[in-house]
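Architecture at a glance
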Amino acid sequence: MIRNSSMWRLLLLIIAIAGIAAFAFAAQVEKDTYMAGFHQANGVSCVDCHEKNFVMDDSETVVNKKCVECHGSMSDMAKVTAKDELNPHKSHLGEINCSTCHKGHEQSKAYCNNCHTFKMDIKFDSDKKAEFADSADVVVVGAGGAGYVAAISAADAGAKVILLDRMPITGGNSSLAAGGINAAETSVQKKQGIKDDKEAMVEETIKGGRYLNDVQLVKTMVYNSAAAIDWLISIGADMSDIVRSGGVDYDRTHRPVGGGAVGTHLISVYKANAIKKGIDVRVNSDVVKIIKNDKGAVVGVQVKGKHSGLYTIKAKAVVVAAGGFAASDELVAKYKPQFKNTPSSNQPGATGGGIKILEDAGAEMIDMGFIQIHPTMGGDTKVLISETVRGSGAILVNQEGKRFVNELTTRDKATAAILKQTGAKAYLIFGEEVRKANKQVNGYIHLNLVESASNLKDLAKKIDVPADVMADTVAKYNSYYTKKADPEFSRQDMPRPIKEAQYYAIMVKPGRHHTMGGARINTNSQVINLTADVIPGLFAAGEVTGGVQGGNRLGGNAITDTVVFGRIAGANAASYAASVK
Ligand SMILES: Cc1cc2nc3c(=O)[nH]c(=O)nc-3n(C[C@H](O)[C@H](O)[C@H](O)COP(=O)(O)OP(=O)(O)OC[C@H]3O[C@@H](n4cnc5c(N)ncnc54)[C@H](O)[C@@H]3O)c2cc1C
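Residues numbered from 1 in each chain as written. Predicted model: local features only at pLDDT ≥ 70, side-chain atom pairs only at ≥ 80, totals over all residues.

Let us look at the overall build of the protein chain. On a plain count of helices and strands, the protein chain comes out with 21 helices and 18 strands. For the protein chain, the residues scored as buried account for 45% of the 581 residues in total. Pairs at least 24 apart in sequence give 72% of the contacts found in the protein chain among residues at least 6 apart. (Helix = DSSP H or I, 4+ residues; strand = E, 2+ residues; numbered from the N terminus. Buried ≥ 20, exposed ≤ 12 C-beta atoms within 10 Å, placed from the backbone. Contact = placed C-beta atoms within 7 Å.)

In structure tokens:
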């Protein structure tokens, strides 16, 4: 048995002599004081217990094999504890896994006492004081829009806040949002003489969501949207430009002056505020578990730091703002198998890192199969080709050079049609008229997403489409433009023909864009469990929640969701934390 071996003592001595190493170990121990931390203090590192990558076998045979290699099997251990009145290592349960009782990173517990009431103290179960390496009033999981807003709001309410993101940079999908943020009856609209109606925004959101939204959540989002714009302005954001988005009758999509991208702007404003307000923001920090006490209240999180290892943060309240899962092949295949081979417009961290921890914490997950596909992602990149390119006159043709759908149909129908074409792709075809009407096209050219030629024949050759068929398709479309009627696909709006050189082609494929489903919350952003009760201390906001967007999200409503519910979650988490002793 190694505990009697002088080899280990020698190893410990060498470690003790190496001052820097000893310091490193001390730092590690401070981070994790359970069995794993104790082992590290004794020179047993992460990989001595885990195989590479820390993959945990569900049967836990990997870890148990390691325990046995050093300590011996249950029957070996039974000899060590033979003197005990009741031998924990020898019972009618036989040869069970060591980690059934000895936990690596949480409180150990003798499994026998699920049925018995033996006095069976087990190491690493009582040192309550040393349980948590760090502490905060409010821990926020995920530093995208919703997470930053919640963290800032909680800090403003006086809470000590730690904000964690698994990626090496913060911002999440929020930093990619280019359109804007929807809000009704705002001070900015009033100043510009733009009329709007909150009730119309409620109705349009629900209609867009195919009447599957949680109406109370929609009302909360809409009624607080004007205040959200004022709040953003108060912390330094520019919301002075207003446009109209799809599916609505009002100009209510707010964005920075000149139509600048809303996401990058907001994230930089949030970052500056987080620094100013002393929020502890940590990257490379994957939250792997939400810890609850025996009354079911949230008491902290377990973090797997890329450099700092596994450690625990004690928290009075936790806000999960971990975003959606449109970048996860695995989760998409699980909830919507027909979308499993499509690319995604999302950042690589949008793999549902909040879904598993919320499920483990007992949250009810709703609407998980509602995944929005954007029909036109540029080529094989993550760059979205804006709907305005079609809106201002481009047509869609397939590899055979033919149109196959009304280009202006809804996102889901356009997507379904493209997926049926050769190679599950299509080409946006347009002339100089459309480029002139769309500043973004110059950006797509700069990004090498566009083929161009001075005549249609050369353009067809470049994209490997039969030139005569494409010439015929474009000629027919131009005649529909003149007649203002499209007998083939009933396209209503044909603002421009395709007549003027240069001619352009952009290869497009549908991509997974937004996940509407997630944890069920109430209008206080509290997370609801399977028996319709609130999970004490647990809040959520943003794309990780379900219900707000129903079966389909309108453009511009996601950022509204992150700001409105981020503020509610942050403020409520702070006041809940203040009520916890
Ligand atoms: C290309 C693109 C353009 C868009 N344009 C618009 C638009 O114009 N208007 C609009 O309203 N919406 C738009 N959307 C949608 C919108 O951007 C998102 O729905 C919204 O930003 C989600 O915000 P969030 O804070 O909930 O999540 P995110 O901003 O995605 O942030 C979640 C963060 O949590 C982190 N995380 C995940 N799991 C864990 C874990 N376990 N531990 C620690 N951290 C974790 C992630 O790394 C990420 O940084 C767009 C989306 C995309 C992809």
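Read on for the rest.
This part covers the site of the ligand. Around the ligand there are 45 residues in total, and Gly142, Gly144, Gly172, Gly353 and Gly542 lie nearest to it. For the shell around the ligand, the residue count by class is 19 nonpolar, 22 polar and four charged. (Near = placed C-beta within 6 Å. Nonpolar A, V, L, I, M, F, W, Y, C, P; charged D, E, K, R; others polar.)

Looking now at helix α16 (residues 411-419). Buried within α16 we find Arg411, Ala414, Thr415, Ala417 and Ile418. For α16, the buried positions fall inside an angular range of 165° around the axis, keeping them on one side. Elements that come into contact with the buried residues of α16 comprise β11 (371-378), β13 (426-431) and β15 (503-515). (Arc of directions from axis to C-beta.)

Here we come to the pairing of strand β8 (residues 298-305). For strand β7 (residues 285-292) and β8, the ladder comprises seven bridges, and the chain directions are antiparallel. Across the sheet, residue valine 287 finds its bridge partner in β8, namely valine 303. Between β7 and the antiparallel strand that follows it, β8, lie five residues; glycine 296 among them carries a positive phi value of about 90°. Relative to strand β9 (residues 309-320), β8 runs antiparallel, the two being bridged by six bridges. Directly across from lysine 304, in β9, lies its bridge partner leucine 310. Counted along the chain from β8 to the antiparallel partner β9, the turn is three residues long. (Pairing = 2+ DSSP bridges.)

Two numbers describe how helix α9 (residues 198-208) lies on helix α10 (residues 215-223): the axes approach to 9 Å, and their chain directions differ by 135°. In terms of orientation, α9 and α10 fall into the oblique class. Pair α9 / α10 crosses with right-handed handedness. Side by side, α9 and α10 meet where Lys198, Met201, Val202, Thr205 and Ile206 of the first sit next to Val215, Val218, Lys219, Val222 and Tyr223 of the second. The class makeup of the residues in the contact of α9 with α10 is seven nonpolar, one polar and two charged. (Axes fitted to C-alpha atoms, helices over the stretch in contact; angles between N-to-C directions. Parallel < 35°, antiparallel > 145°, perpendicular 65-115°, else oblique. Left-handed = near helix turned anticlockwise from the far one by under 90°.)

Further remarks concern helix α20 (residues 467-483). Every α-helical turn comprises 3.6 residues, leaving residues that sit three or four positions apart pointing alike. Taking 1.5 Å of rise per residue, 17 residues should cover 24 Å, and α20 covers 24 Å from first to last C-alpha, within 8% of that figure. Along α20, the residues classified as buried are Met470, Thr473, Val474 and Tyr477. Projection of α20 onto a plane perpendicular to its axis shows the buried side chains occupying an angular sector of 95°, all on one side. Exposed residues on α20 whose side chains face more than 90 degrees from its buried face are Asp468, Ala475, Ser479, Thr482 and Lys483. Residues of α20 that are buried make contact with β12 (395-397), β13 and α19 (456-462). Note on α20: the residue one or two positions beyond its end, lysine 484, has a positive phi of about 55°. (Expected span 1.5 Å × (residues − 1).)

Turning our attention to the nonpolar core. Within soluble globular proteins, side chains that are nonpolar generally end up buried alongside one another. In terms of nonpolar packing, the biggest core is built from 102 residues, with Val138, Val319 and Ala540 touching the most fellow members. Among the elements that line this core, the one with the most residues is helix α21 (residues 557-579), at 11 residues. A domain-level breakdown of this core finds at least three residues from each of domain 1 (2-113) and domain 2 (136-178 + 260-370 + 516-579). Within the second largest apolar cluster, 36 residues are counted, among which are Val450, Met470, Val474 and Tyr477. (Core = buried A, V, L, I, M, F, W, Y, C linked by C-beta atoms within 7 Å. Domains from an automatic or database assignment.)

The subject of this paragraph is the sheet that holds strand β3 (residues 181-182). The strands making up a sheet associate through backbone hydrogen bonding, with each pair oriented either parallel or antiparallel. Taken together, three strands build an open sheet; the order of strands is β3-β5-β4 and the sheet is antiparallel. Two strands lie at the open edges of the sheet, namely β3 and β4 (241-243), each paired on one side alone. The sheet contact formed by β4 and strand β5 (residues 253-255) spans three bridges and is antiparallel. When the bridges of β5 are listed, valine 243 appears paired with threonine 253.

Here we take up the packing of helix α7 (residues 145-156) against helix α12 (residues 262-276). Where α7 contacts α12, the axes come no closer than 10 Å and their chain directions differ by 30°. Put simply, α7 runs roughly parallel to α12. As α7 runs across α12, the sense of the crossing is left-handed. Residue-level contacts link Gly145, Tyr148, Ala151 and Ile152 of α7 to Leu266, Tyr270, Asn273 and Ala274 of α12. For the contact of α7 with α12, a count of residues per class yields six nonpolar, two polar and no charged.

A few words now on unusual backbone geometry. Where the residue is not glycine, phi is negative for most of them; where a peptide bond is considered, it is trans in most cases. For the peptide bond that leads from alanine 501 to glutamine 502, omega is -5°, which places it in the cis range. With respect to the secondary-structure elements, glutamine 502 resides in the loop between α20 and β15. At serine 490, a position not held by glycine, the phi torsion is positive, near 55°. With 10 C-beta atoms counted inside 10 Å, the residue serine 490 sits in the exposed group. Non-glycine residue alanine 532 carries a positive phi angle of around 65°. Looking at where alanine 532 falls in the secondary structure, it is placed in the loop between β17 (526-528) and β18 (534-540).

Another point: the pairing of strand β1 (residues 134-141). Within β1, six of the eight residues are buried, leaving the element largely enclosed by the surrounding structure. Here β1 pairs with β9 via seven bridges, running parallel. Bridge pairing links valine 141 to valine 320 in β9. Pairing of β1 with strand β2 (residues 161-164), which is carried by four bridges, proceeds in the parallel orientation. When the sheet's bridge partners are listed, valine 139 is paired in β2 with isoleucine 162.

To continue, consider the environment of proline 510. Examined against the element boundaries, proline 510 turns out to sit in strand β15. Judged by local crowding, proline 510 falls into the buried class, with 25 C-beta atoms found within 10 Å. Proline 510 sits 95 residues away from threonine 415 along the chain, and the two C-alpha atoms are 5.8 Å apart. Setting aside chain neighbours within four positions, we find proline 510 in contact with Thr342, Ile373, His374, Pro375, Met377, Thr415, Ile418 and Leu419.

Turning to the environment of lysine 191, a few remarks are in order. For lysine 191, the location among the structural elements is in helix α8 (residues 187-191). Look at lysine 191 and you get exposed, because 10 C-beta atoms sit within 10 Å. In this structure, the C-alpha to C-alpha distance between lysine 191 and lysine 90, residues 101 residues apart in sequence, is 78 Å.

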